[in-house]
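Summary of structural features
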Amino acid sequence: MTGRPRALITGVTGQDGSYLAELLIAKGYEVHAVIRRSSTFSTGRVEHLYQDVHEEGRALNLHYGDLLDTGSLVSVLGKVEPDEVYNLGAQSHVAVSFQMPEFTADAVAFGTMRLLEAIRQTGRPVRFYQAGSSEMFGKVESPLQNEDTRFHPRSPYAIAKVFAHQMAVFHREAYGMYCANGILFNHESPRRGEVFVTRKITQAVARIAAGRQDHLYLGNLKAKRDWGYAPEYVEAMWRILQQPEPDDFVIATGETHSVEEFAALAFASVGRRWQEHVRYDPRYERPAEVDLLQGDASKAERVLRWKARTTFADLARIMVAADLRAEGLDPDSVMRHD
Ligand code: NAP
Ligand code: G4F
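Treat the numbers as computed from the prediction; the structure is a model and nothing was measured. (Residues numbered from 1 in each chain as written. Chains lettered and ligands numbered in written order. Predicted model: local features only at pLDDT ≥ 70, side-chain atom pairs only at ≥ 80, totals over all residues. Heavy atoms only, no water.)

This part covers the site of ligand 2. Ligand 2 sits among 24 residues. The nearest are Ser133, Ser134, Tyr157, Arg286 and Glu289. Between ligand 2 and Val195, the relevant distance is 2.9 Å, taken from a nitrogen atom to a main-chain nitrogen or oxygen of the residue. Contact between ligand 2 and Lys200: an oxygen atom at 2.7 Å from a side-chain N or O atom of the residue. Burial of ligand 2 by the protein amounts to 96% of the accessible area it has alone, namely 710 Å². Contributions of two or more residues to the shell around ligand 2 are made by helix 7 (197-209) and strand 10 (216-218). Among the residues forming the shell around ligand 2, the class breakdown is eleven nonpolar, seven polar and six charged. Each of domain 1 (6-188 + 228-251) and domain 2 (197-225 + 255-291 + 311-334) gives at least three residues to the shell around ligand 2. (Near = heavy atom within 4 Å. Polar contact = N/O pair within 3.5 Å; in protein donor to acceptor, adjacent residues only side chain to side chain. Areas by Shrake-Rupley, 256 points an atom, 1.4 Å probe, with all protein chains shown as cover. Helix = DSSP H or I, 4+ residues; strand = E, 2+ residues; numbered from the N terminus. Nonpolar A, V, L, I, M, F, W, Y, C, P; charged D, E, K, R; others polar. Domains from an automatic or database assignment.)

Next up, the structure:
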């Protein structure tokens, strides 16, 4: 073991986990992470970190484990003895959670409880970050949502996140553990999973520009989200765990836009009209929808000195440009600059 601070991440193979691992390595942490066994490689987003060997060993140290498997969590905590644990692991797709409520609850709700209990039993002063979600606000009870807004979850995923959030609060209050919740509104990037709506759109825009696809099938275009840029949001996670006392923070841009607005911007960036390519597919509708999310992150700005910087329009352009490159196209020659 080294004298550097040690962090343990669950969900490192996902969008946020990969950006967080990069950030912590850059800050000088010894970074460890839990990965699940799968029949194909799931480490594409962190391969560059795993291959990067430092003097003290690998930049990123991977351990097999699962939030469904208490023994693996106990074992990795014993081996790593982390100072900070970031719990990002989740079945994070809202629509899938309607079809797999039990698995979603097991990973998201019980998984968080297993990890918290395993940390408690180490007796070590670990700082714990829980990846909470604006989905917990669900059928929103005020136009702008902050740390005091009541939760009204609308999916098995969101209900499981409320359980996990409350478990973190409970461990803080009952056992004096350092447990902090981030309540993060949607955040996107070129590493966003391809099944989430922004990435699904930007990938289709790039394929259409490359002449490899004609149409894109989407569900509800009217839903509104508060969309930020993922690399900035993992910086907020780190800042949350550097506070002297554990607390809960909303992380958001403060703006809201519809799915249709995102599609319009993404298609316009390559000189196309979304109406010519987007088709409606009712299979992407959900049994219960979250119509509007718009966060008030003024507490984060005041206490953490954190503020979203990337605009909605820039976010769409960053994602389209990356997907164009993946299609072998040069964004500078394909994208419009007006
Ligand atoms: P993501 O890309 O879907 O990544 C999810 C990660 O969780 C993957 O590494 C996945 O591993 C891992 N995982 C799934 N089930 C697991 C299990 N049983 N045990 C251990 N790991 C498991 O999600 P993300 O967008 O990076 O989001 C990170 C976290 O923030 C999630 O908890 C999500 O619910 C939450 N969140 C996200 C947003 C957002 O807008 N992105 C907003 C609020 C909250 P595999 O690669 O093996 O599948
Ligand atoms: O991109 P989405 O699937 O994200 P959603 O449901 O807002 O959840 C994401 O953000 C949450 C934070 O609020 C996270 F906690 C969660 O883990 C995840 O990262 O859908 C956004 C909106 C929805 O209203 C959905 O109904 O887009 C609508 N939509 C319309 N057509 C679609 C589609 N969503 C998807 N995934 N695919 C479609 O074809």
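Now for the domain arrangement of the protein chain. Taken as a whole, the protein chain is organised into domain 1 (6-188 + 228-251) and domain 2 (197-225 + 255-291 + 311-334). Each partner contributes to the interface: domain 1 provides eleven residues, whereas domain 2 provides ten residues. For the pairing of domain 1 and domain 2, the buried interface totals around 970 Å² over both sides, and the portion due to carbon and sulfur atoms is 64%. The tally of links between domain 1 and domain 2 comes to one salt bridge. The residue Glu135 makes a salt bridge to Arg225 at a minimum N-O spacing of 3.7 Å. Residues that form the side of domain 1 that touches domain 2 fall into these classes: four nonpolar, four polar and three charged. (Contact = heavy atoms within 4.5 Å. Buried area = accessible area lost by both parts, 1.4 Å probe. Salt bridge = Lys/Arg side-chain N within 4 Å of Asp/Glu carboxyl O.)

The next thing to look at is the nonpolar core. Ile9, Leu20, Leu24, Leu60, Tyr86, Tyr129 and Ile251 are the most contacted members of the largest nonpolar core, which totals 48 residues. Only strand 1 (6-10), helix 1 (15-26), strand 2 (30-35), strand 7 (127-133), strand 8 (178-184), helix 8 (230-241), strand 13 (248-251) and helix 10 (298-304) provide two or more residues apiece to this core. Broken down by element, the residue count for this core peaks at eight residues, all from helix 8. If we skip the residues at most four places from it in the chain, Tyr129 touches Val85, Tyr86, Asn87, Leu88, Ala180, Asn181, Gly182, Leu184, Met237, Ile240 and Leu241. Within the second largest apolar cluster, 27 residues are counted, among which are Ala206, Trp227, Phe267 and Ala316. (Core = buried A, V, L, I, M, F, W, Y, C linked by side-chain atoms within 4.5 Å. Buried < 20%, exposed > 50% of the residue type's maximum accessible area, 1.4 Å probe, protein only.)

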